[in-house]
Amino acid sequence: MSFLYPYFLYILLPILFVMFGFLFRKKDSSQHYFSKEVMEKLKVGGSSLSLRTRNILFFISSVLIVIALAQPVIKDGSIEIKAKSSDIMIALDISDSMLAQDVYPNRLELAKQKALKFLKEIADERVGVVAFAKNSYLVSPLSFDTSAVAFLLSKLDTTSITQKGTNLLSMLEVVASSKTSTDKKYLFILSDGGDKNDFAKEIEFAKDNDIVIFVLGMGTIKGAPIKLKNGEFIKQNSVILISKLNENISELATSTGGVYIQNTTSQNDIMAMLSEISSVSEKKELKAQEIQKYTPLFYYPLSLALLLILIATSSLGKINSNKLSHAMILFLVLLINTDAKAGVLDFLDLNEAKEAYEAGDYEKSAKIYKEYADKNSDAQSNYNTANAYYKQKKYDKALEYYKKANFKEDNQKANNLANMGNSYVKSATKDSLKNAKESYEKSLDIREDKEIRENLDAVLKELEKQKKQDKQENKDEDKKDKEIKIKIKIKTKTKIKIKKTINLKRKNHKIKILKVKRMKIKKTKIKKILSQKKKNKKKKIKAKLSHKWAMKKNKSGLIN
């Protein structure tokens, strides 16, 4: 254990001892006139604490308050903070054409507002400012002091350079001569583009000097007249000149690896430009500083001091020393068992967990951190537990505790999300890469980091591969399905043919049976007809014979 402000102990404790020493030595004024035995008899039995007991309690509470002021802490490792910067130069066009009012209030004022918003969003970067018209000059060299840069930028106007016109090449020469931490130089131009249609010289110069250019086009294609401060409009051959946004300047940005964006009334254009610059720019470490982490313990002596002051100023009954000691022990037990951030002796366990982690005994470290995290549920203890599980390659457990670590500070949030992304990648489950992508993106939204950006790019490539594989697998499955369908069709066709043939055979058989039946019917009919004809013939013959016989008899006179 150590103290952040030990000088409180050196200065205040001696004063307290001297002050209360005099107080304890000083006798009560009544003792000058009466003896101790007489005073005891004169005292009325009360329920309040004695003056001496109260003074002792005040003395102890004062000492505890001084200890709390000295900030007792336990060392909990260190954090190395690295200052990284991609060094961005802002170039502001302050030529007369920027006074055109096709945007509100005019192009120059809107450009300054956009540049100030840009400076506010990149407070951790080194930024410089260049003003240009016909000539150019360095307004502010690269600096981390964005507030000073913003002040200088806000004071720029069209009178800062007397010569009229827009010369982008002279501005690029100023940028090329500035010293940056990286080989590449990143330039953010806010301009209406001037009158040039061909930027071939500027593009060649920018490429030769490794300048990546980002342009925010100020103004509109429709354009507007240029109103001077005296209220007059700029004329050319007695005709009011209309200044329009020159979109050809976009070639200067795209040809050098940058981006061109036309201004909008909202701040979306600046936010889009910021994301483009951060994705392209390379950050270089400029300085590193190690900061010690501490677990504060001041609330323990302070809470005990407040309790003692409460006892000393209350009207509690007179208690003896044994009862007082028992009460103090009970208070300490209750204090230890409360749901505070840490127990009185928890710092020993945390120190042991930290030592185990540094020694590579991650299982022991995870066990201690887990017990502490489950008991206290604060963000840092959950984060430490997750790290210990991560080292053991227990990525599901690590993710469980990373999710519980609800940090409020941005850097800690970003680190926690980055570690979550790493755990998702390592876990290698079905949706792990998608989850890792989301975690990395959230971390980068809070704070830009080169390593996390590289991890995100690797995950995106892997997801792209997975998509291609899934497409190929789907194609193969579609082929198999088609083949199966074709086979089924062939089978069904053959079945249909067989059915048709069977049906035809059945029909033909039925037809044959019908034909046979019809033939039989015909035959029977024919037989009947023939038999009928025979009968008819026989009858006719009989009738003829009977007639002949009758005629013969008549001839012979047998019949009258």
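Because the structure is a prediction, the values reported are computed rather than measured.

Visitor: For the overall build of the chain, give the residues involved together with the corresponding values.
Guide: Scanning the chain from N- to C-terminus turns up 18 helices and 13 strands. Expressed as a percentage of its 560 residues, the buried residues of the chain come to 34%. Contacts spanning at least 24 positions in sequence make up 74% of the contacts within the chain whose residues lie at least 6 apart. With an accessible surface of roughly 36,400 Å², the chain has 56% of that area assigned to carbon and sulfur atoms.

Visitor: I'd like a description of the pattern of salt bridges, backed by residues and values.
Guide: Where charged atoms of side chains with opposite charge meet at close range, the side chains can pair. Summed over all chains, the structure comprises 10 salt bridges. A salt bridge links E202 to K196; its shortest N-O distance comes to 2.8 Å. For E202, a relative accessible area of 2% corresponds to the buried category. Across the salt bridge formed by E448 and R453, the nearest N and O atoms sit 2.8 Å from each other. What emerges from the salt-bridge pattern is a single network uniting D102, R107 and D192.

Visitor: How would you summarise the nonpolar core if you had to cite specific residues and measurements?
Guide: Note on soluble globular proteins: their nonpolar side chains tend to be buried together. In terms of nonpolar packing, the biggest core is built from 36 residues, with I90, I94, F118, F188, L190, F214 and L216 touching the most fellow members. If we skip the residues at most four places from it in the chain, I90 touches A115, F118, L119, V127, G128, V129, V130, L153, F188 and L190. Of all hydrophobic cores here, the second largest spans 25 residues; its members include Y401, L417, V459 and L463.

Visitor: I'd like a rundown of the confidence of the model for the chain, residues and numbers included.
Guide: When the pLDDT values of the chain are averaged, the result is 78; 81% of them are 70 or greater. With pLDDT under 50 throughout, residues 315–348 is counted as low confidence; its partners more than four residues away or in other chains account for 32 contacts.

Visitor: Just give me the short version of the sheet that holds strand β4 (residues 127–132), but keep the residues and values in it.
Guide: Judged by pairing direction, the sheet is mixed, and its 6 strands sit side by side in the order β5-β4-β3-β6-β7-β12 without closing on themselves. The open sheet has two edge strands, β5 (136–143) and β12 (260–262), and neither has a second partner. With strand direction ignored, the average angle separating the axes of adjacent strands in the sheet is 15 degrees. Pairing of strand β6 (residues 185–191) with strand β7 (residues 211–217) involves 7 bridges; the strand directions are parallel. Each residue of the ladder has a partner; that of Y186, found in β7, is V212. In this fold helix α6 (residues 168–177) packs onto β3 (88–93), β4, β5, β6 and β7, with an angle of close to 150 degrees to the strand it touches most, β6.

Visitor: So what's going on with the pairing of β6? Which residues, and what values?
Guide: Among the 7 residues of β6, 7 are classified as buried, and the element is accordingly described as predominantly covered. Residues K185, L187, I189 and S191 point to one face of β6 and Y186, F188 and L190 to the other, with burial holding for every one of them. Here β3 runs beside β6; their pairing, made up of 5 bridges, is parallel. Within β6, the residue paired with M89 across the bridge is L187. Taking the sense of rotation as the criterion, the β-α-β connection linking β6, helix α7 (residues 200–208) and β7 turns out right-handed.

Visitor: Pulling in residues and values, what's your account of unusual backbone geometry?
Guide: With omega at -10 degrees, the peptide bond leading from Y104 into P105 counts as cis. With respect to the element layout, P105 can be found in the loop between β3 and α4 (107–121). Positive phi, close to 55 degrees, is recorded for D210, a residue that is not glycine. The residue D210 is located in the loop between α7 and β7 in this model. The phi dihedral of K393 is positive, around 65 degrees, even though this residue is not glycine. Note that K393 resides in the loop between α14 (379–391) and α15 (395–404).

Visitor: Tell me about a positive patch on the surface, residues and numbers included.
Guide: On the surface, a cluster of positive charge is contributed by K533, K534, K535, K537, K538, K539, K540, K542 and K544. Tracing the backbone through its elements, the reader meets K537 in helix α18 (residues 450–556).

Visitor: Which residues make up a negative patch on the surface, and what values do they have?
Guide: Together, D183, E204, D208, D210 and E282 make up a region of like negative charge exposed at the surface. As for its placement among the helices and strands, D208 is situated in helix α7.

Cut-offs used in this document
Residues numbered from 1 in each chain as written. Predicted model: local features only at pLDDT ≥ 70, side-chain atom pairs only at ≥ 80, totals over all residues. Heavy atoms only, no water. Helix = DSSP H or I, 4+ residues; strand = E, 2+ residues; numbered from the N terminus. Buried < 20%, exposed > 50% of the residue type's maximum accessible area, 1.4 Å probe, protein only. Contact = heavy atoms within 4.5 Å. Areas by Shrake-Rupley, 256 points an atom, 1.4 Å probe, with all protein chains shown as cover. Salt bridge = Lys/Arg side-chain N within 4 Å of Asp/Glu carboxyl O. Core = buried A, V, L, I, M, F, W, Y, C linked by side-chain atoms within 4.5 Å. pLDDT = per-residue confidence, 0-100. Pairing = 2+ DSSP bridges. Axes fitted to C-alpha atoms, helices over the stretch in contact; angles between N-to-C directions. Right-handed = clockwise from strand over helix to strand, strands pointing away. Patch = residues over 30% accessible without salt bridge, like charges linked within 9 Å, V, L, I, M, F, W, Y side chains within 5 Å. Lys, Arg positive; Asp, Glu negative; His and termini not counted. Charge placed at Lys NZ, Arg CZ, Asp CG, Glu CD.

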